[in-house]
Amino acid sequence: MWFVFLWVEEAEKKTSQILMRAGTRFIAPIFGEASSSLLFCTFSKTKLSVKRELGGRETRYNRQISLYSAQTQDRELETPLNMRPMQDSIKIVYFANGSDEPFVEIVTVKQQNKRRPSVCSSADSESEDLLPVLLNHSQILNQHHLEQLMNQIPARTQGYRWKLVYSTAEHGTSLRTLYRQMGDIDRPVLMVIKDSDKQVFGAFSSDPFRVSSFCYGTGETFLYSFSPEFQIFRWSGENSYFVRGFLDSIQMGGGGGPFGLWLDADLYRGSSYSCDTFCNRPLSRHHDFTVQELEVWTFV
């Protein structure tokens, strides 16, 4: 059965239910009711866009739908509704699970525990309304970074508040301290780095960073860079060398050569090369870089 979440901004509840049913009629024939993949669905006026995530790979679908047709075909409505123009920011997340009955929850983005402005407080900006809530101040992230990253992290982390677990500004420059801060965490984490050239880049890890004698992580893990424009490098499927932590270094990605991202024990020096795991380009302007700020966030 489908597990449906619907985020609505400035929309009537019944109108939202109509849109949800219209979306379900489109999605179910494609993926089937037994699908276990995560779907992002966005309504923009009369267009329904679907992004499917399965094993770290994406598939996109688009379909034009008529909102008037969607409402008049609904058997529960005896007369058509006079609907206001829909906001561009309506978003639906479908998740198939094994429950006996489908579950539907309609939530407005104005609720305190959902996304709200976190960097700027302008009430006139629709994009700011969807920014994740930062529970702590960031020395690195700004609105542009958040807008790009929030749409790339896996569905299971979207809509949650971001909590700062480790930062060099607060905890000092020590990989051992970073591991210690991750000790009680069992959720994905996002690493953000700013180097001495003021370039911002980092990695999303499906698992918190820890010392391990083997590589860990899943296909959700990815590298990203804002140097000079935002790019994301997802799992290529070539190997599973996602993350491996040592006491004197941490590495992400690999396969017969240098690492996609490598940091030393002092979290001061690092390097980034193309690697088979993510088929990435170097994340920083130079292969070898010096860390100016480093932060690790999780989702609560």
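Residues numbered from 1 in each chain as written. Predicted model: local features only at pLDDT ≥ 70, side-chain atom pairs only at ≥ 80, totals over all residues. Heavy atoms only, no water.

Along the protein, the regular secondary structure elements total six helices and 16 strands. Counting every position in the protein, which comprises 300 residues, the buried fraction comes to 49%. Considering only residue pairs separated by 6 or more positions, the protein has 60% of its internal contacts joining residues 24 or more positions apart. Entry remark: accessible area of the protein is about 14,400 Å², with carbon and sulfur atoms responsible for 47%. (Helix = DSSP H or I, 4+ residues; strand = E, 2+ residues; numbered from the N terminus. Buried < 20%, exposed > 50% of the residue type's maximum accessible area, 1.4 Å probe, protein only. Contact = heavy atoms within 4.5 Å. Areas by Shrake-Rupley, 256 points an atom, 1.4 Å probe, with all protein chains shown as cover.)

Turning to unusual backbone geometry, a few remarks are in order. Trans is the prevailing form of peptide bonds, just as negative phi is the prevailing case for residues other than glycine. The omega angle of the peptide bond from Ser227 to Pro228 is -5°, so this bond is cis rather than trans. Within the secondary structure, Pro228 is located in the loop between β10 (222–225) and β11 (231–234). Even without being glycine, Lys198 reaches a positive phi, approximately 65°. Along the polypeptide, Lys198 turns up in the loop between β8 (189–195) and β9 (200–205). Located in the positive-phi region is Cys279, a residue other than glycine, with phi close to 45°. Mapped onto the elements of the fold, Cys279 is located in the loop between β15 (269–271) and β16 (288–299).

Applying the stated criterion across every chain, the model contains nine aromatic pairs. Here Phe201 and Phe289 contribute two aromatic rings whose centre-to-centre distance is 4.9 Å and whose plane-to-plane angle is 80°, an arrangement assigned as edge-to-face. In this pair, Phe201 is assigned in strand β9 and Phe289 in strand β16, connecting sequence segments 88 residues apart. With respect to class, Phe201 is no different from Phe289; both count as buried. With a centroid separation of 6.0 Å and 80° between ring planes, the pair formed by Tyr224 and Phe226 is classed as edge-to-face. Here Tyr224 and Phe226 have matching classes, each one buried. Pairwise contacts between aromatic rings join Trp162, Phe204, Phe222, Tyr224, Phe226, Phe230 and Phe299 into one cluster. (Phe/Tyr/Trp six-rings, centres within 6.5 Å; stacked < 30°, edge-to-face > 60°.)

Turning to the environment of Leu263, a few remarks are in order. Looking at where Leu263 falls in the secondary structure, it is placed in strand β14 (residues 261–264). In this structure the C-alpha to C-alpha distance between Leu263 and Phe289, which are 26 residues apart in sequence, comes to 9.6 Å. Discounting chain neighbours no more than four positions away, the residues touching Leu263 are Met191, Ile193, Asp248, Ser249, Ile250, Arg269, Gly270, Phe289, Val291 and Leu294.

Here the focus is the pattern of salt bridges. Two side chains bearing opposite charge may form a pair once their charged atoms approach each other closely. Using the criterion set out here, one finds two salt bridges in the structure. A salt bridge links Glu220 to Arg156; the nearest nitrogen and oxygen atoms lie 2.7 Å apart. Separated by 64 residues along the polypeptide, Glu220 in the loop between β9 and β10 and Arg156 in the loop between α4 (143–149) and β7 (162–167) bring together distant segments of the chain. A salt bridge links Asp186 to Arg187; its shortest N-O distance comes to 3.6 Å. Among the residues examined, Asp186 registers a relative accessible area of 65% and is labelled exposed. (Salt bridge = Lys/Arg side-chain N within 4 Å of Asp/Glu carboxyl O.)

This paragraph deals with the pairing of β11. Sheet topology places β10 next to β11; four bridges connect them, and they run antiparallel. If you follow Leu223 over to β11, its bridge partner there is Phe233. Taking the residues between adjacent antiparallel strands as the criterion, β10 and β11 are bridged by five residues. (Pairing = 2+ DSSP bridges.)

So, on to the nonpolar core. Grouped together as the largest cluster of nonpolar side chains are 30 residues, with contacts concentrated most on Leu178, Ile193, Phe209, Leu261, Leu263, Leu294 and Val296. Here the element with the most residues in this core is β16; it accounts for four residues. Not counting the four nearest positions on each side in its chain, Ile193 is found in contact with Ile140, Gln199, Val200, Phe201, Leu261, Leu263, Phe289, Val291, Glu293 and Leu294. (Core = buried A, V, L, I, M, F, W, Y, C linked by side-chain atoms within 4.5 Å.)

Scanning the model with the defined rule gives zero disulfides in all. A disulfide-free cysteine, Cys275 has its sulfur positioned 7.5 Å from the sulfur of Cys279, the nearest such atom. With relative accessibility at 52%, the residue Cys279 sits in the exposed group. (Disulfide = S-S within 2.5 Å.)

Let us now look at the confidence of the model for the protein. When pLDDT is averaged along the protein, the result is 74, and 57% of the positions lie at 70 or above. Every residue in residues 1–39 scores below 50 in pLDDT, and together they form 134 contacts with partners more than four places removed in sequence or on other chains. Segment residues 63–128 is flagged for pLDDT under 50; beyond a separation of four residues in sequence, or across chains, it makes 170 contacts in the model. (pLDDT = per-residue confidence, 0-100.)

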